[in-house]
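Commentary on secondary and tertiary structure
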Amino acid sequence: KDNNASFSCAWGDYNNDAYMDLFIANYGNQNNCLYKNLGNGKFEKILVGNIVNDGGQSRSASWGDYNNDGHLDLYVTNSGQTNFLYKNNGNSTFTKITNDPMVADENWSFSATWSDINNDSYLDMVVVNSTSTDSVSLFMNNKNGTFSKLSDPTLFAEHSSSWSISACDYDRNGTADLYVASRGFNPSYLFKNQNTKSNFIGIALKGVISNHSGIGAAVEVKTAHTKQRKYIAANTGHGNQNGLQLLFGLDTDKEVDTIQIIWPSKTVQKLVNKAINQYYTIEECQPIQTTLQQAICAGDSLYFGNKYLKEASSYARLFLSATGCDSTVTLNLSVLPTFATVIDTTICDTCSYFAEGKWQHSAGIYYDTLQTVQGCDSIVTTNLKIEVTTGLPSLSSSNSHIYPNPTTGLVMITGINLNHYQILDVTGKSLLQKSNYLIDLSSLNNGLYLLLLTDKAGRITRKRIIKTF
């Protein structure tokens, strides 16, 4: 809704919240405008700071991180006045730089672009002026927050009223070339960069979730000596658009530690082990979400996420996929109980009881370990007592059989003069007690059960039954 003599605009994420903010360069000594993207489709107009209160004859603006601190700085060109340079303080404020050659010349500057001309990993500045004597100004980065103006007679657009400038490695030799466009009927110029001494890595993006060219994506390249952050931008000044392939000068570094891409979709992609001195086209990856179900027995542990887990809960871990995306694996861990069951049993003095793997004839405490269908051990403790009785002898319990076992429902008992049977679960809870020779387990859940067979003489035989599908 602002009524200004606006001449140019530039998008840039100056507060690193992954939303592109907007700077507008106004002419006629009007204040320039900065609008912060709120991330909800709305913008907030910034009213405080030199960056929005320096009135000038502004023609264009270019965002670039010239000191490699991870925050976008801003350069504004003016006609008939000195240009503006604003250093990003990293807290959403800017400091105006006033004592540098970049802001010393009073020229008719129309446009500018950031580009690492000598591949030393620091951005330089190229300014085009609508004059016939100083048509192209090149300011080299001193790597200490200052610049030096370079006098290069080959970088001169003769008889030109320079209007805009674009940087792109058109011959793909790893150096940024320049094209200067002129207004009117004056010639335009292409300048081929002759620097071939420093290393580089070139990156083009191919969006899948984001736009196809990856415009708005931030790309960070980290080496042993520095970390650079650049953006795929649709405009870089008045009438400018640099190549959509980002060129990162590496100076003398011979390897790249990491490449990280923050896509407009908010997807973060991280790549390692990329060779230098070549170009890459990186396709936007899609995060993978995987959920695992796992159960362990009480007292056991499971190794996941660089540690041993013992408690039932949901655990998440990030894994870097082959395409560079953080993939989330969620583990839903359950802990199965182990049971301690105590059985009090009394048998006659001529009877026997099967425990600890053999027939027992003496009173005492016997321990058996039963394994449930889930694989967890349950301890059964039998307190066996002997009672002196008289009675007729009966068929030995050791001859008893049950079949089929495992079973899906019905089980037949043979080889015993049965008085009654009892079905217990692994906790010792009694589930069934009957006196017939046919057992029906169809009403029970799948699992392991304990069968106690008592014959007419009072002798008890214990067997295990597995109920399955």
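Residues numbered from 1 in each chain as written. Predicted model: local features only at pLDDT ≥ 70, side-chain atom pairs only at ≥ 80, totals over all residues. Heavy atoms only, no water.

1. Examining the pairing of strand E16 (residues 177-182)
Inspection of the sheet shows strand E15 (residues 162-168) paired to E16 by six bridges, in the antiparallel sense. What sits directly across from Ala-167, in E16, is Leu-178. Both E16 and strand E17 (residues 189-191) contribute to a ladder of three bridges, which runs antiparallel. In the sheet register, Val-180 faces E17, and the bridge partner there is Tyr-189. (Pairing = 2+ DSSP bridges. Helix = DSSP H or I, 4+ residues; strand = E, 2+ residues; numbered from the N terminus.)

2. A look at the sheet that holds strand E35 (residues 401-403)
The three strands lie next to each other as E35-E36-E39, forming an open sheet whose pairing is antiparallel. Strand pairing shows two members of the sheet lacking a second neighbour, E35 and strand E39 (438-440), which therefore form its edges. The mean angle between the axes of side-by-side strands here comes to 25 degrees, regardless of whether they run parallel or antiparallel. Of the pairings in the sheet, the one linking strand E36 (residues 410-414) to E39 comprises three bridges and is antiparallel in character. Each residue of the ladder has a partner; that of Leu-410, found in E39, is Asp-440. (Axes fitted to C-alpha atoms, helices over the stretch in contact; angles between N-to-C directions.)

3. Observations regarding the pattern of salt bridges
Under the definition given, this model contains nine salt bridges. Ionic pairing is found between Glu-283 and Lys-206, a salt bridge with its closest N-O pair at 3.8 Å. Of this pair, Glu-283 sits in strand E24 (residues 279-283) while Lys-206 sits in strand E18 (residues 199-206), and the two are 77 residues apart along the sequence. Since its relative accessible area comes to 45%, Glu-283 is described here as partly exposed. Taking the shortest distance from any N to any O, the salt bridge between Arg-229 and Glu-220 comes out at 2.4 Å. Residue classification places Arg-229 among the buried positions, given a relative accessible area of 11%. (Salt bridge = Lys/Arg side-chain N within 4 Å of Asp/Glu carboxyl O. Buried < 20%, exposed > 50% of the residue type's maximum accessible area, 1.4 Å probe, protein only.)

4. A word on the state of the cysteines
Tallying each qualifying case throughout the model produces one disulfide. Cys-33 takes part in no disulfide bond, and the closest cysteine sulfur, belonging to Cys-9, lies 11 Å away. Classification of Cys-33 by relative accessible area gives buried; the value is 4%. (Disulfide = S-S within 2.5 Å.)

5. Some words on the nonpolar core
Core analysis: the largest hydrophobic core is formed by 19 residues, its most contacted members being Phe-23, Leu-34, Ile-51, Trp-63 and Leu-74. Elements that contribute at least two residues to this core include exactly strand E2 (21-26), strand E7 (58-64), strand E8 (73-82) and strand E9 (84-88). In this structure Phe-23 touches Ser-8, Cys-9, Ala-10, Asn-32, Cys-33, Leu-34, Ile-51, Ala-61, Trp-63, Leu-74 and Val-76, once residues within four positions along its chain are discounted. Grouped together as the second largest cluster of nonpolar side chains are 18 residues, Leu-205, Val-256, Ile-276 and Tyr-280 included. (Core = buried A, V, L, I, M, F, W, Y, C linked by side-chain atoms within 4.5 Å. Contact = heavy atoms within 4.5 Å.)

6. Some words on the confidence of the model for the protein
In this model, the protein carries an average pLDDT of 87, and 95% of its residues clear a pLDDT of 70 or more. Strand E31 (residues 353-355) is the least confidently modelled element of the protein, averaging 75 in pLDDT, while E9 averages 98, the highest of any element. (pLDDT = per-residue confidence, 0-100.)

7. Quick notes on the packing of aromatic side chains
Within this structure, the stated rule accounts for 16 aromatic pairs. Ring geometry for Tyr-14 versus Trp-63: centroids 6.3 Å apart, planes at 10 degrees, classification stacked. With Tyr-14 in the loop between strand E1 (6-12) and E2 and Trp-63 in strand E7, this pair connects stretches of sequence that are 49 residues apart. Here Tyr-14 falls in the buried class, since its relative accessible area comes to 1%. (Phe/Tyr/Trp six-rings, centres within 6.5 Å; stacked < 30°, edge-to-face > 60°.)

8. Some remarks on the environment of Thr-323
Tracing the chain through its elements places Thr-323 in the loop between strand E28 (313-320) and strand E29 (326-336). Note on Thr-323: relative accessible area 43%, which makes it partly exposed. Along the chain, Thr-323 and Leu-150 lie 173 residues apart, while their C-alpha atoms are 42 Å from each other. Not counting residues within four places of it along the chain, the set of residues in contact with Thr-323 comprises Gln-269, Leu-271 and Cys-285.

9. Quick word on the environment of Ala-312
Mapped onto the fold, Ala-312 is located in the loop between strand E27 (307-309) and E28. For the pair Ala-312 and Gln-286, spaced 26 residues apart in sequence, the C-alpha separation works out to 30 Å. When sequence neighbours within four positions are dropped, the list of residues in contact with Ala-312 reads Leu-333, Ser-334 and Val-335.

10. Considerations on unusual backbone geometry
Looking along the chain, the bond that leaves Tyr-403 and enters Pro-404 is cis, with omega of -10 degrees. Inspection of the secondary structure puts Pro-404 in the loop between E35 and E36. The step from Asn-405 to Pro-406 runs through a cis peptide bond, and the omega angle for that step is 5 degrees. In the Ramachandran plot, Asn-16 falls in the positive-phi region, its phi being about 55 degrees despite a non-glycine side chain. Turning to its location among the elements, Asn-16 is positioned in the loop between E1 and E2. Judged by its relative accessible area of 29%, Asn-16 is partly exposed. Phi is positive for Asn-273, close to 60 degrees, though the residue is something other than glycine.

11. What about the sheet that holds E16?
Taken together, three strands build an open sheet; the order of strands is E15-E16-E17 and the sheet is antiparallel. Edge strands, defined here as strands with exactly one partner in the open sheet, are E15 and E17. Across this sheet, the average inter-strand angle for adjacent strands is 15 degrees, counted without regard to direction.

12. Points about the side chain of Asn-26
If you trace the backbone, Asn-26 turns up in strand E2. A distance of 2.6 Å separates the side chain of Asn-26 from the backbone oxygen of Asn-31, its partner in a polar contact. Asn-26 has contacts with Asn-4, Ala-5, Ser-6, Phe-7, Asn-31, Asn-32, Cys-33, Gly-56, Gln-57 and Ser-58, leaving out every residue within four places of it along the chain. (Polar contact = N/O pair within 3.5 Å; in protein donor to acceptor, adjacent residues only side chain to side chain.)

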